[in-house]
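Chain by chain, the residues:
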Amino acid sequence: MIVADIKPFKEIMRLVKNYRKICVIGCGTCVTVCHAGGQKQVSEVAAQLRLAAKLEKKHLEVGEETILRQCEHEFIDSLEGLVQKYDAIVSLGCGIGVQMLAERFPHTRILPGLNTKFMGAPTEPGIFWERCVGCGNCILAETGGFCPVTRCAKGLLNGPCGGSQNGLCEVSPDTPCVWQLIYEQLEAQGMLDTMEAITPPKDWSVGQGGCGPRRLVLEHLVEEEKDKHKIAEKVLTRNDCKK
Amino acid sequence: MIVKSDEKYSTLGSLESELAISGLKSGSNLEKLLKAGYFVVTAELGPPRGADRTVIEKKATLLKGYADAFNITDCQTAVVRLSSITGGAILVGLGLEPIIQMTCRDRNRIAIQSDLLGAAALGIKNLLCLTGDHQKFGDHPGAKGVFDIDSLQLLQIVKGMRDEKKFQSGEEIEVEPRFFIGAAENPFADPFTYRAFRLAKKIRAGADFIQTQIIFNVDKFSAWMERVRALGLHKKVFILAGVAPIKSLLMAKYMKTHVPGMDIPDEIIKRMEKAKKGSAKTEGLNICLDVIEKVRKIEGVSGVHIMAIEWEEAIPEIAKRAGLLPRPSP
Ligand code: SF4
């Protein structure tokens, strides 16, 4: 899931200060799980904004809405008509949600209410850890299911650095050294020889920032879609002929 | 008298040793001495946090003749300093032999290979390949850490450039940089049982010599060396034991609790505590000398690497009192 954190309220206030009618829009998926941008947070932010406006004796109309996913067109479509009623939207979606809204509603100011952090998971109540950086070429089979690209502060691919002590990372002592975890896992699985092989330099061109924004093309879906159009065209043509 | 490795403890044993017959790779002073079986001395020389070359010149004057080669750190602890290669070039000009350090923290593979071509062109022949201290510990904690490659991959790249005349990309190099390639190893880090295997991996990747983390816990170091010998690694690589003089009780305590991967036994702290006021430095030097005496006797140790951080003046005295002088000429 994508983990995000709500921006400091002061910053949200600064972002909306020039608008009179705003709507806070939440997202019902990842950011709901991490208590950053779900329906509950939408209500809280909206209430805070109203209160702040009242204290400053300003007129501010604040709407509230939450959709299931801000990252997919079919859910965003339901906002048609609503968005246009406001001067600005505070999106409590992740960075993807904010951009999807901005693309869909180019005439309305779309403002981010969250700081998007990482791809991760909750490990215990209230604690979320980063787990994947989307490097584009998964090596988890060689590393016992623990990702050193993400979880080693130096992204080491060939074993622990000289600062790993008592199972903790030298860079932040509240973080387990992932290479200690990998070692223990591979040892338990009788696969320690995996750690003897030298992992060559990684091809970062398929990773984040490698060649600009990455994209995924599913040929079969693209073809299917094309075929649908062709059939539709044919039907149309036939109909035309009939006329 | 020239100090040769004690026959009994010599890493080379006989001329058939893999190390002795491998021929010269870089032609550096350090390489020649090690291959001739001398017990070598290297020392660390920290470059200044400014553009003043006289700082290096002064240190060079102070240290000339007291060690066989001098490590110039590469923005150690992620603090900006005059660059290692520049420091190395200044030493070459003064007739001292540098070991430049290269970390993976600040440069990607393009910058690293480019800088190494430059270093070789400036007459630098020894290179220590490191991953580097994390930027969080330095003076620019907001910097983006590069870590495009790690120290093992760096070793592999440098070896490939030297022995196969190829860049990491596989492209040919017309005139290859020829380095005597070093790596670091910390016998005190975890997982302890993996450490000797990691050394083996570094040797396979390209390490010709190793400089270890500072040793205070000689017993643990011996245990590590035992594992190293069991794997026959002391016959494949020259191991230089890292040593350092402690300046004060405060420094000892700080290193014990704050420096990751540093193992300072309580006994050392006690010795520093017992030292009378004003004689902490003397006791620090004594501890360092004791460590040198002990590690010299360990089979497979080919030399010492003295890291007198911001206390380079101590190096001549250490070398002298440890009976490591005069240094041989190759
Ligand atoms: S201690 Fe472990 S996780 Fe931390 S930088 Fe070193 S190898 Fe990576």
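Here is what the cut-offs are and how they apply
- Residues numbered from 1 in each chain as written.
- Chains lettered and ligands numbered in written order.
- Predicted model: local features only at pLDDT ≥ 70, side-chain atom pairs only at ≥ 80, totals over all residues.
- Heavy atoms only, no water.
- Domains from an automatic or database assignment.
- Pairing = 2+ DSSP bridges.
- Helix = DSSP H or I, 4+ residues; strand = E, 2+ residues; numbered from the N terminus.
- Axes fitted to C-alpha atoms, helices over the stretch in contact; angles between N-to-C directions.
- Patch = residues over 30% accessible without salt bridge, like charges linked within 9 Å, V, L, I, M, F, W, Y side chains within 5 Å.
- Areas by Shrake-Rupley, 256 points an atom, 1.4 Å probe, with all protein chains shown as cover.
- Salt bridge = Lys/Arg side-chain N within 4 Å of Asp/Glu carboxyl O.
- Buried < 20%, exposed > 50% of the residue type's maximum accessible area, 1.4 Å probe, protein only.

1. Considering the domain arrangement of chain A
The domains assigned to chain A are domain 1 (2-118) and domain 2 (133-206). The centre of domain 1 of chain A, based on its C-alpha atoms, is set 38 Å off from the matching centre of domain 2 of chain A.

2. As for the sheet that holds strand β7 (residues 127-132) of chain A
All names here are of chain A. Taken together, the three strands give an open sheet; going across it, the order is β1-β6-β7, and neighbouring strands pair in antiparallel fashion. At either margin of the open sheet sits one strand with a lone partner, and together these are β1 (2-6) and β7. Between one strand axis and the next, the sheet turns by 70° as a mean value, whatever way the strands run. In this sheet, β7 lies alongside strand β6 (residues 114-124) in antiparallel orientation, the contact comprising five bridges. Looking at β7, one finds that Gly-120 is bridged to Glu-130.

3. What to know about a nonpolar patch on the surface
There is a patch of nonpolar side chains on the surface, built from Leu-216, Leu-218 and Leu-221 of chain A and spanning about 310 Å² of accessible area. Following the sequence through the fold, Leu-218 of chain A ends up in the loop between α7 (178-188) and α8 (219-242).

4. A look at the pattern of salt bridges
Residue and element names in this part refer to chain B. Scanning the entire structure with this criterion turns up 36 salt bridges over all chains. Linking Glu-57 and Arg-53 is a salt bridge whose minimum nitrogen-to-oxygen distance equals 2.6 Å. On the criterion of helical spacing, the pair formed by Glu-57 and Arg-53 is a turn pair, its members being four residues apart in helix α3 (residues 53-63). Assessed through its relative accessible area of 24%, Glu-57 is described here as partly exposed. By relative accessible area, Arg-53 is classed as partly exposed at 43%. For Arg-109, the salt bridge identified is with Asp-148, shortest N-O distance 2.8 Å. Linking Arg-109 in helix α5 (residues 109-121) with Asp-148 in the loop between β4 (126-130) and α6 (151-163), this pair joins segments that are 39 residues apart in sequence. Like Asp-148, Arg-109 is buried. The network of salt bridges with shared partners includes Lys-25, Lys-159, Arg-162, Asp-163 and Asp-208.

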